[in-house]
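Survey of secondary and tertiary structure
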Amino acid sequence: MSLLDVRNLEVTYADGSAAVRGVDVSLEAGGKLGIAGESGCGKSTLALALLRLLPAGTRVGGEILLDGEDVLAMKWGRVRAVRWAGASIVFQGAMHSLNAVHRVGDQIAEPILLHRKATAAGARTRAGELLEQVGLPAAHARAYPHELSGGQRQRVMIAMALACDPRLIIADEPTTALDVMIQAQILRLIAGLVTEQDLALVMISHDLSVLADTCDRLAVMYAGRIVEEGPARQVFDDSRHPYGKALSGAFPRIGDPASRFAPRGLPGDPPDPAAVPTGCAFHPRCPVALESCSVDDQRLREAGAGRRAACVHVPEAAASPSAVPEPEASPHPGPGAGTDGAGIPVPGPAPSSDATGALGKPASAPPPLLSAEGLHVSFPGRHGGDTARAVDGVDLDLRAGEIVALVGESGCGKTTLARSLLGLLPPTAGRVTFDGRPLDYSSGALRTYRKRVQLVLQDPSGSLNPRHTVYDAVAEGLRIHRYGGDERAAVAEALSRAGLRPAERFFQRYPHELSGGQRQRVVIAGALVLEPKLLVADEPVASLDASVRGEILALLLRLRDELDLSALVVTHDLGLAWNIADRVAVMYLGRIVETGSVEQVLSAPRHPYTQALLSVLPDAPGEPVVLAGEPPDPSRISAGCRFHARCPVLASGEAERAGVADACLTRDPEILGGGGEEQAACHYAATSSTSNPSELIR
Amino acid sequence: MSSVQQAVVPAPAAAAPRRTAKGWAYLRYGAGKVGGAVISLLAVLVTGFFLFRLIPGDPVKTMTGGRPVSAGQLAAYRREFGLDLPMWQQFTDYCGKALTGDLGTSYQFRAPVLDKIAEALPNTLLLTGTAFVLYTALGIVLGTRAAWRHDRLGDRLSTGLALTLYSVPSFWLGLLLIIVFSVGVGPIPGLFPTGGMESGGEEGFAYVLDVAHHLVLPVITLVAVEYGQTLLVTRSALLDEMASDYLTTARAKGLRDDLVRRRHAVPNALLPTVTLIFVNLGRTVAGVILVETVFSWPGLGGLFYQALSVPDLPLVQGLFFVFATAVIVMNTLADLVYPLLDPRVGR
Amino acid sequence: MTTTTPPGPRALAWRRRGHSAARFWKQYRTRRAGVLGLAVLVLFGLIALTAPLTVGSDVQSVTEAPGQPLESPSGQFPLGTDRFGRGLLGLLIWGARVSLLVGLLAAVLSVSIGAVIGITAGHFRGRYATVMMRVTDWFLVMPTLVLAIALATVMSRSLGTIILAIGVTTWPTTARLVRAQTLAVESRPYIERAKALGGGHWHIMSRHVLPNVMPLVLAQTTLVISSAILAEATLAFLGLGDPTVISWGGLLQDAREAGAVSSGDWWYLVPPGIAIAVVALAFTLCGRAVEAVLNPRLGVAR
Amino acid sequence: DPAPRQAAAADGAKVLTVAVAQSVDSLSPFLASRLLSTSVHRLMYEYLTNYDPKDSRAIPGLATKWESSPDKLTWAYTIRSNSKWSDGQQATAEDAAWTFNKMMTDEGAATANGSFVSNFEKVTAPSPTELVVRLKKPQATMTALDVPIVPKHVWEKVRDFSKFNNDKSFPVVGNGPFVLTGYKADSYVRLKANKSFWRGSPKFDELVFRYYKDQDAAVAALRKGEVSFVAGSPSLTPAQASALKNADDIKVNDAPGRRFYALATNPGARARNGQKFGDGDPSLLDERVRHALFMAVDRETIIDKVFQGHAVQGEGYIPPRFSPYFWKPSAGQELAYDPAKAAQLLDQAGYRTNSAGKRLGKDGKPISYRVLCHATDPNDKAVGQYLQEWWSKLGIGVTLDCLDNVSDPWLAGTYDLAFDGWSVNPDPDFVLSIHTCAALPATPKDVGATDNFICDKRYDELYARQLAEYDPVKRAAIVKQAESRLYDLGYMNVMAYPNAVEAYRTDQIKSIQTMPSAAGNIYGQDGYWSWWSAVPADSGGSSDSSSSTGVVIGGIVAAVVLVGAGVFFVMRRRAGADDRE
Ligand SMILES: Nc1ncnc2c1ncn2[C@@H]1O[C@H](COP(=O)(O)OP(=O)(O)OP(=O)(O)O)[C@@H](O)[C@H]1O
Ligand SMILES: Nc1ncnc2c1ncn2[C@@H]1O[C@H](COP(=O)(O)OP(=O)(O)OP(=O)(O)O)[C@@H](O)[C@H]1O
Ligand SMILES: [Mg+2]
Ligand SMILES: [Mg+2]
């Protein structure tokens, strides 16, 4: 008998939205099941339903057998007994899932006292042990949640989940909102614990690649239903369902030329659970949909050994391994799609050889459009703390028609740099020049400057005033700059450029009536309407679903081609750089530590930090190098190389052997050219520019 | 956990929460708040002085109006109350004295203002203190219940009643209570005294009983008009918390509903209420004028009203200062207590 | 949508406003308490506006008083008479004008001061904000009633005085709320975007902050009216009002001065009190409903 | 108050509780000026003379007899030898001399009663029973020296008379019918009967003045029997009176009052040095205007509607209760209610109406008078509204300036008309003195004793003559002439003599002396007659038992509520325990 057996689970919220519509899954003891899917597809609902945690008024149908006992039929007393002791949950937002006014130790001890009838002292000791198990000092039991970092809090949640030795742990997006490096730490921790203690795991994520790495089996959810299920790796690499394909295709494989300058996405919006399309719920967005798809509902059926999928293209008898026809190379709107008509033209393959060729010859390159010279930005410390040197000496050039990606961990100063490039933050030292002239911070000059350089922010929902219509939002720039021409026409044109067609249909909509992707397009349209020369995009897709982000990236590429726009794309995602950028700059603790063409930096990184970043990508080859510790703190920049405290090369003794260890501890490395455009700020890299760096760290 | 940490590069020792630093931070924070309060107090002192100088007329004339007074006597009064000095000097004298705890001499009572205040303050504190404890408790308990079972009939009734009572003028309610429960209407006998704080002359337990008996109606009046606000704030604070993930966590742990509420929801929801509670106490002291007038309670409110109609400037200033001090002190206390309750703030 | 002759932006804007008003009303309608409050207000508003037609200003005349002093309710005088022999029903209706007017004006004054100070203090950081917030804090610690009494005593007795006293003493709460909301709005990315587009202080305050603060201001106005009506009654009751003007609080004070409480002339005392409570309650209900509709974070928590 | 009553019942003490609305300003006889305080002092200390409750004649108090020297400048009083201070010491002429001397030499001690001694040259006590006062000028009021005589041996120790309030240690040594035993500000004043009072011990054992800020509360307390007597401030309202009339065991005492209620006109404020100040409307300086205004005041309506019969129509300056001095205008002199004639008078005076019906002043602007009224006096506000309507028919506007404290505009002369009223003493000297030129302030900066700045040569002459006239009948005749002159001037228009309306419980007070005894008031008499004479009812305490039931019932209600709430809580908790999630 399986540990968990969910049969035909249906969940309808009090407001009538059918969040889960007939889900069957099962999990053996010790098994690891991943559930993937876009935002809003019902993943969290499913998780909550497992322990009957849904809000009052929610209708739940079907069966949830936990160790053979139907959770839905239990008395409340029994439910309470099963909770945490039988199955525990690690929730998505650790910062909100912990009670801010209780010490974390007490919160861990609470279920122990409740279910295990332990003494207070016993529970406290156990809480300490649990903390140590998740790699935190036992002393942290006395801390309050806000005193811990996001990663630490997530560890506390995990420790808490382990408190009553449950046989099943449900982890709902345990790493969303965490930094790449921390995410790697947490994933390893969970994987290790589950294996070690022989726990069953249900892991929920919107990131297929993460699940493929961690789980045995993978279920892909769409609109409240599981559309594909099978062994994790197989589903990720070779999906049998068009949605699964799109989803896994949205994760760029670095080094794979196919995804270079070719971000892939899925047109259309995730479905609204209050109005799920008839037939196959996916048909409006499906590139290979048939006429019948809008009528016939699809159920999971065998699709190869141990695999199931719900698609017409998977024959009843589950024969051929790849029954789903490949969509044409470019995504295009499905027959029923285009409710908003947001068709995505194919980005033409970038003139890569040409471009890289040009980039390779800095001497002959045109003068940079925008450049930062020795830029420093610091913030006064909070509560009388030390000054935070968020940007600490950055030199960066951006040429016309070029896309540069700025990557780095959270808190390394990317946003600060972007803001100071726009003159939103005055630099503490150094300067920004545009078109060869240093930036003038008088308000009139700034206004002129901001007509030519535009900013696109990370969070499209936040970037739009909820009380302004799309028209107002786009026209805002025109009005500020007293645009003389036909405002309406300009707005319409900008909107259609950004792929919102016909533009008039969007004029009177409010942001909340748009999907995330559409909102980001509106923001981009608002920037384009002023016909800028340069776009600074700060994490333009970070808050978007994997399927949607491809579209936005494609849009950026297209604009570059059409309008000869330059762009600085700020991101923490190296894959994104691979998708669209010509050049990449890696930032660490306020300084650029490596820069160069995308191909070179991403396939042959020279700085140990870049190497580590690349190695922790879910499907990166080789053993990941997980940097321990928290994201660095710009108010405490250590002497010597700023990376030395976390540097794997230094830790492994490699630097010692190369004779640069002293320099690492005492001397701030200059950014050094390694031939061509590639430059890295590393003493070690300087000594070994020829050797293959990825082999060094073993 | 060896396997997990194996490949991990050693990190700089994770900084454990620094307790002493936090203590210092709190001290600094507290000192800031207290400093702010002191500045506010000084500002109040200054405004009190100038605001009431705006009342037109000559205080000595007011004092002696209708009584035949010799010029010598007038001059003596002016000297006595320092009214012969130029304004700025009066002001500095006033400030200097106030700082040493001397608020001057009441014109009408010929007694130190401080004495008059000291006489009345305990009475006001008794009334407001009792009412405060009751309405805070009532507001929190009912507010919690209303939120926990929100949008049910009980919530609607309880919130509706609170809102209604909140909209009722307190003096009017007091008058009605006097008619019904003091004078007696129809079959209801007059159960409670119509006013005052004591019948006079009792001692020991009889005195306590007597005062308690006098306390009932004014306290009911204050509680009735005041508890609504606490209820509403508690209710909405709790409603805000109710969607929080940590409550789902608590439920997921298998906690009973009432434990989830008491241990997790209420402590968080009460945080925003704490400030209100303190501020309320300060305001109740100042706002008690009406109830004291209606129930002839011998407290600060009554004194203030009397003082204003004369106007007895030193007493008015003194009382104004006391009222404002009550609010300032309570606000500051709220500021000081809040971080102790909410670990996230001020450290 | 076919684009024949596209309507101009202005027409569009109007249509949009119409839409949002309709949407507001649709949501407001679902709140029963708010609708009830609104109905009561409309009723009282009509009563107050039509008072010159229904009862006429003659109800105020003492020399032409039709009845004997303090008659109990009868067919001729449904609510009895006051101490001059004037019909109390008429006075109550006439008094609605003053009470509502004072409540309204005082609230508008208070909220305008609060909104201006709140927005500017929230937008301009630095010294200006510090000074403004100090002033606000200072007013906030002033015991409102005490200060209002003091002001009303210092100035001459008139409606203007009462309005000023209420307005000047009650704005800090609004200022605080508005400032908090302004700070919240200013921390939103769209402000950064507006700055990046080149928008200046005025642009940001008027195009972004103000519309976002308006709902709060609106709700706050409604709530402040309620407390202003109570404050007017209180001041009048304490004898600080203009004795020649009929207001509900004034009627209560008259009743008390006439000794209605102890002589059991309930008809003199009860109706004005109820009128005050009902109108204050109605404004509170409306205010809360408006607040809940415009600021969905409140009360919609699951 | 049941607990005390029970305690009182245990030792059989009879307590008379009086509801008062005023708070005590000071318990020092040298400082106190409020009615309550001076009434209490009457009870605590003997005065030299007292007034006969029948006709307010001067009768012996501490002094048994008195005579003046032929030059009218020396008065000799014989001090009684049967009055003892409550600490056992004999009260002597020495105490009286010390009291007066203190007031003459110490500014602090002169605060309240300094005016009585301002004309004294020297006060001596040749023997314990002999007091001699030497005057600077003749003074007819020497048998009306309302000054409490205090025990020298106690008061000698007082350092600063301007600060000493006599309210710290009890009982307070005195020789009046009652001894002060307790006081709590704004709560109560408690007095015990002085068993050895020379005129005889009061019948009640204790007298308590209980403070009720709110008159309604006091009336309610009377109805419940919490208090035995309510005076009202200054009297019960008509509504209260009629309600109490119908109540059981309550007697309403509706007696002619000692106050007049007048409309004063600003005659152009000025100081003795001739300097003018203030901004009274110049039109009011025309006697015809003043007369016209008063003729447009329907005094009958005021009595009917405002006082609802609890007042007498005003005529002369001194109320009819003081019959020797009562004067009323002759038929020809009288300014009877006649709006038409009033309008005519105004026309004659040159104040004509414009097309809008507004009467124009000499400056061509419409006339509008500011009428100063006491915000705390409902009658002022009520009459003010009538004035507004009556005078608007003459085309004259009125703004009512109702203030808590009217003295500032009053003393500054910044008003046109004002509501005015004084309590008249058996000796009318004081109320007459306030209209003399001598009472004007010395300079605009000073305060005079003047009421409303009237200064008239003829009136002053009459005033001086009556003060020097020691023969009561002749003096009364002069006083009446002065009143007539005042009436004609039209600056002080008496509208009414309000009654004293007070009430007491007949089941607690069997009988009580009014003053004048025929139809007089109880509270605020010139003397201690009422409280000294009050006889307790035998039944004693029907009300007491009712209020102790009150406590019992109240207690039970409270207990039930508490228990109920507790049970409710427990139940709810139980119920909550097994609910969802
Ligand atoms: N309490 C609720 N009442 C009504 N609808 C809800 C409620 N909770 C969630 N939903 C809706 O149900 C759908 C599924 O929500 P759910 O939280 O399960 O999605 P999810 O897959 O976890 O998304 P995400 O990746 O954003 O966490 C969503 O459309 C959401 O709007
Ligand atoms: N206004 C500010 N005041 C003080 N410190 C700030 C401020 N803004 C940013 N910082 C600090 O500067 C550092 C860099 O911040 P920044 O937002 O530029 O990082 P980032 O690289 O964009 O990070 P993320 O990926 O999380 O967006 C952080 O440590 C942050 O705490
Ligand atoms: Mg989720
Ligand atoms: Mg950032």
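For the structure, check the block above.
Report follows, based on the coordinates. Everything numeric here is computed off the predicted structure, so don't read it as measured data.

1. Notes on empty space enclosed by the protein
- Approximately 200 Å³ is the volume found for the largest cavity.
- Lining the largest cavity are 22 residues, with Gly241(C), Asp242(C), Pro243(C), Val245(C) and Gly250(C) sitting closest to its centre.
- Those elements giving two or more residues to the lining of the largest cavity turn out to be α6 (159-186), α8 (201-237) and α9 (248-257) of chain C together with α11 (378-394) of chain D.
- With 3 residues, α9(C) is the largest single contributor of residues to the lining of the largest cavity.
- Considering only residue class, the lining of the largest cavity consists of 9 nonpolar, 6 polar and 7 charged.

2. Examining the sheet that holds strand β13 (residues 370-379) of chain A
All names here are of chain A.
- Read across the sheet, 4 strands follow the order β14-β13-β16-β17 without closing on themselves; strand pairing throughout is antiparallel. The sheet is open, and its two edges are formed by β14 (388-398) and β17 (437-438), each paired on a single side.
- Both strand β16 (residues 429-434) and β17 contribute to a ladder of 2 bridges, which runs antiparallel. Looking at β17, one finds that Thr433 is bridged to Pro438.
- Along the sheet face, helix α12 (residues 414-421) touches β13, β14 and β16 and points at about 120° away from the line of β13.

3. Section: the site of ligand 1
- Ser39(A), Gly40(A), Ser44(A), Thr45(A) and Pro273(A) are the nearest of the 17 residues found near ligand 1.
- Neighbouring residues of ligand 1 are not confined to one chain but are distributed across chains A and C.
- Within the side chain of Ser44(A), a nitrogen or oxygen atom sits 2.6 Å from an oxygen atom of ligand 1.
- The separation between an oxygen atom of ligand 1 and a polar side-chain atom of Thr45(A) is 2.4 Å.
- Isolated, ligand 1 exposes 630 Å² of accessible area, and the fraction of that covered by the protein chains is 73%.
- Sort the elements by how many residues they give to the shell around ligand 1 and helix α1 (residues 43-50) of chain A lands first, with 3 residues.
- Of the residues assigned to the shell around ligand 1, the class counts are 5 nonpolar, 7 polar and 5 charged.

4. Notes on the pairing of strand β4 (residues 59-66) of chain A
Residue and element names in this part refer to chain A.
- Judged from the 7 bridges that link them, strand β1 (residues 4-12) and β4 form a sheet pairing that is antiparallel. Counterpart to Val11 in the pairing with β4 is Val60.
- In this structure, the hairpin formed by β4 and strand β5 (residues 69-70) is closed by a connection of 2 residues, where Asp67 is found at a positive phi of approximately 55°.

5. Quick word on the pattern of salt bridges
- Within the structure shown, the criterion is met by 70 salt bridges over all chains.
- Here Arg125(C) and Glu186(C) are joined by a salt bridge, their closest N and O atoms 3.9 Å apart. Of the two residues, Arg125(C) is situated in the loop between α3 (88-123) and α4 (126-141) and Glu186(C) in helix α6; the sequence distance between them amounts to 61 residues.
- A salt bridge links Asp55(D) to Arg57(D); the shortest N-O distance between them is 3.4 Å.
- Salt bridges sharing partners connect three or more residues here, namely Arg389(A), Asp392(A), Arg591(A), Arg642(A) and Asp668(A).

6. Brief notes about the interface of chain C and chain B
- Of the residues lining the interface, 39 residues belong to chain C; the matching set on chain B comes to 46 residues.
- Carbon and sulfur atoms supply 75% of the area that chain C and chain B bury against each other, a total of about 3700 Å² over both sides.
- Scanning the region where chain C abuts chain B turns up 3 residue pairs in polar contact (both at pLDDT 80 or more).
- Among the secondary structure elements, those contributing two or more residues to the side of chain C that touches chain B are α4, α5 (144-154), α8, α9 and α11 (266-294) of chain C.

7. Section: the packing of aromatic side chains
All names here are of chain D.
- Following the criterion strictly, the structure yields 47 aromatic pairs over all chains and no others.
- Taking the centre distance of 5.1 Å and the plane angle of 85° together, the rings of Phe30 and Phe161 count as edge-to-face. Taken together, the residues Phe30 in the loop between β1 (15-20) and α2 (35-44) and Phe161 in the loop between α5 (152-155) and β8 (178-184) connect sequence positions 131 residues apart.
- Accessibility expressed as a relative area gives 2% for Phe161, which makes it buried.
- Relative to Tyr470, the ring of Trp75 has its centre 5.4 Å away and its plane inclined at 50°; by these criteria the two rings are tilted. Within this pair, whereas Trp75 is found in strand β5 (residues 74-79), its partner Tyr470 is found in the loop between α14 (457-468) and α15 (472-489), the two being separated by 395 residues in sequence.
- Overall, Tyr470 belongs to the partly exposed group, its relative accessible area being 22%.
- One aromatic cluster is present, built from ring pairs that chain together Phe30, Trp98, Trp155, Phe161 and Phe164.
- The ring of Tyr491 has Arg290 sitting right over it, with the charged end atom 3.6 Å from the ring centre.

What counts and what doesn't
Residues numbered from 1 in each chain as written. Chains lettered and ligands numbered in written order. Predicted model: local features only at pLDDT ≥ 70, side-chain atom pairs only at ≥ 80, totals over all residues. Heavy atoms only, no water. 1 Å grid on protein atoms, 1.4 Å probe; cavity = no way out; pocket = protein on both sides within 12 Å on 5 of 7 lines; lining within 4 Å. Points joined across faces, edges and corners; volume = space filled by probe spheres on them. Helix = DSSP H or I, 4+ residues; strand = E, 2+ residues; numbered from the N terminus. Nonpolar A, V, L, I, M, F, W, Y, C, P; charged D, E, K, R; others polar. Pairing = 2+ DSSP bridges. Contact = heavy atoms within 4.5 Å. Axes fitted to C-alpha atoms, helices over the stretch in contact; angles between N-to-C directions. Near = heavy atom within 4 Å. Polar contact = N/O pair within 3.5 Å; in protein donor to acceptor, adjacent residues only side chain to side chain. Areas by Shrake-Rupley, 256 points an atom, 1.4 Å probe, with all protein chains shown as cover. Salt bridge = Lys/Arg side-chain N within 4 Å of Asp/Glu carboxyl O. Buried area = accessible area lost by both parts, 1.4 Å probe. Phe/Tyr/Trp six-rings, centres within 6.5 Å; stacked < 30°, edge-to-face > 60°. Buried < 20%, exposed > 50% of the residue type's maximum accessible area, 1.4 Å probe, protein only. Lys NZ or Arg CZ within 6 Å of the ring centre and 35° of its normal.

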